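What the coordinates show
Here is how the chains run, residue by residue.
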Amino acid sequence: MYGFTRRGAIRAFSYAAAALCVLLTFLVNTWQERNRYRRELEIVYQRSLQDAADLIGNISLSLDKELHAGGQKNAALLCAVLWKDAGEAKAALAQLPAGQLELGGAYRFLSQVGDYAMRASREGEEDLKAYQETLLRLRDYANALEKQLGEIQSRAAFGQFSFIDPSGSAAHAGESAAYGPDSAQPSPADESGFAGIEESFAGYPTLIYDGPFSDHLLERAPLLTAGRPTVSRDTAREAAAASALCSPEMLTDGEDERSRLPLYTFKTGETVVGITKDGGFPCYMVDGRAIGSAAVDEENARETAVRYLAYLGLPSLKETYYETANNILTINYAHYQQGTVCYPDLVKVGVALDTGRVVFFDARGYIMNHHERTLPQAILSEQQAREKVSPMLEIHSGRPALIPTAGGEEAFCYEFQAAGAGGENYLVYINAVTGEEEELLKLIQTGNGVLTK
């Protein structure tokens, strides 16, 4: 009859204890890595929320200025700023996990507010009193939205709500005992406060104007990925490795992003990468490492950015504008088609000036807007379009350009770089089909680059 000796039992116990220690160490390390990634993604979401709150504050200010603008020209400039801020605020909210939150009312408000003011400024309002009353209502909604977003931001900052795991947030954990097995627990939107935002838009007025916006446009799929097959995570990993300039084996899986642009995410070190589930396109890459002192000149950084885009299969993009901040050169690129710069198809690349490596890539604009286009036939020649530009401006150069409109559509224009009497620089966009001035932007030259307002 065979049995364990005391020595054998001790040896077996030791092996089991060692195996248990190894398993526990692995589980702890995995848990720590997962939590670290979740914290970093939480920070990204909180930054998007902060950006949205700041932009909505700007919208409230612009609406207030529009109410008190005394001249048509100044009012038009204010409305252009208003429309731009509304679009950027929508983009910031779009980065949040929309599958958990209720954002339809906020999206509709942001879409309509800019377009309404823009059209009213261009076409005039027969009933000035009604126009001012509408602006007052819009301003009140903007003020309320800014306040609500600020409150949600505070809750998230103090751990009372988590974008990553609403059910595991501090607030929910403290209240979960109050719900019985048959009780309906609050939704993520309830927990975060976003449901309160939707309730506040329950009485939001439907704006009656001949504008291009309709609700279905707010729900449309990104154009580049529409109809593309869903790729596997392994396929997406290859694209993520190319974006992060590493081998696929170096990447760990992250949480799926359930925004309006569904993504797989991956991580290596301080780098987070997002790849579209439909089509497997690189969407963004962010390297969160600290940037040291500048040691690379901007010309070399530009060459690095161009090589990076070619490596990702985006050779048709050309530089438009740039900005240098915190020793990172961020360059805006746009797609070119038949000599026409297509501004909606925007890609941003950031190159760190300490090592000359790419640390930032954002192709959301390109993914949302790029598609096979047939450019309209220009009715006006470039010379005829030049004659539509204000005589107060001296034109320096011109080229064909496709620009986004207030309604989320596109306009085929001539883009003119011009200077005012005081030396200010402007971009003027004359519609090549209708001859109307579609847009007027002021170029701001700073020590860090060229910006538009």
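Right, let's get into the overall build of the chain. If you tally the helices and strands in the chain, you get 12 helices and 13 strands. Counting over 453 residues, the chain shows a buried share of 45%. Taking all contacts inside the chain whose residues are at least 6 apart in sequence as the whole, residues at least 24 apart take part in 60%. Within the structure as shown, the chain displays about 23,400 Å² of accessible surface, and the carbon and sulfur contribution to it stands at 53%.

Tallied over the entire structure, the rule returns 11 salt bridges. Arg 399 is the salt-bridge partner of Glu 415, the closest N and O atoms lying 2.5 Å from each other. With Glu 415 in strand β10 (residues 410-419) and Arg 399 in strand β9 (residues 394-404), this residue pair connects regions lying 16 residues apart in the sequence. Residue Arg 399 is classed as partly exposed on the basis of its relative accessible area of 25%. Linked through salt bridges whose partners overlap, the residues forming this network are Arg 233, Arg 237, Asp 253, Asp 256 and Lys 277.

What follows concerns the environment of Leu 55. As for its placement among the helices and strands, Leu 55 is situated in helix α1 (residues 6-68). The exposure class of Leu 55 is buried, given its relative accessible area of 12%. Taking C-alpha positions, Leu 55 is 9.4 Å from Lys 90, a pair spaced 35 residues apart along the chain. Setting aside anything within four residues of it in sequence, one finds Leu 55 in contact with Asp 85, Glu 88 and Ala 89.

Time to look at the confidence of the model for the chain. Residues of the chain with pLDDT of at least 70 account for 68%, and the chain-wide mean is 76. Contacts from residues 166-192, a stretch scored under 50 in pLDDT, to residues over four places away or in other chains number 40 contacts. In this model residues 205-219 is a low-confidence stretch, pLDDT under 50, and it forms 34 contacts with partners more than four residues away in sequence or in other chains.

Take the pairing of strand β5 (residues 317-325) next. Where β5 lies against strand β6 (residues 328-337), seven bridges are found, and the strand directions are antiparallel. Counterpart to Glu 323 in the pairing with β6 is Thr 330. Connecting the antiparallel pair β5 and β6 is a turn made up of two residues, with Asn 326 showing a positive phi of about 55°.

On inspection of all chains with the given rule, the structure shows three aromatic pairs. Across from the ring centre of Phe 266, 5.0 Å away, lies the NZ or CZ of Arg 233, which sits over that ring. The ring of Tyr 264 carries the charged tip of Lys 277 above its face, separated from the ring centre by 5.4 Å.

Positive phi is not limited to glycine here, since Leu 245 has a value of about 55°. Position of Leu 245 among the secondary structure elements: in the loop between α9 (233-244) and β1 (252-253). Of note in this structure, Gln 338 is not a glycine but carries a positive phi near 50°. Note that Gln 338 resides in the loop between β6 and β7 (340-352). The exposure class of Gln 338 is exposed, given its relative accessible area of 68%.

Reading the values: the criteria
- Numbers given for residues are sequential positions, taken from 1 along each chain in its written order.
- The predicted nature of this model means local features are confined to residues of pLDDT at least 70 and side-chain atom pairs, given and counted, to a pLDDT of 80 or more, with totals for whole chains, interfaces and linings taken over all residues.
- Derived side-chain values reflect all non-hydrogen atoms in the structure, with water molecules and hydrogen atoms excluded from consideration.
- Each helix is a run of DSSP H or I of at least 4 residues and each strand a run of E of at least 2, with the numbering of both proceeding from the N terminus.
- Per-residue accessibility, obtained with a 1.4 Å probe over protein chains only, is compared with the maximum for each type, and a residue is labelled buried under 20%, exposed over 50%, and partly exposed between these values.
- The contact definition used throughout considers only heavy atoms, calling two residues in contact when any of these lie within 4.5 Å.
- Every accessible area reported is derived by Shrake-Rupley at a probe size of 1.4 Å, with residue values counting cover from the shown protein chains alone.
- Here, a salt bridge means any Lys or Arg side-chain nitrogen found within 4 Å of an Asp or Glu carboxyl oxygen.
- For every residue, the predictor assigns a confidence score, pLDDT, that lies between 0 and 100.
- Should DSSP find at least two bridges between two strands, the strands are regarded as paired.
- Here a pair means two rings of Phe, Tyr or Trp (six-membered ring of Trp) with centres within 6.5 Å. Their orientation is stacked below 30 degrees between planes, edge-to-face above 60, and tilted elsewhere.
- Whether a charge lies above a ring is judged from NZ of Lys or CZ of Arg, which has to be within 6 Å of the ring centre and within 35 degrees of the ring normal.

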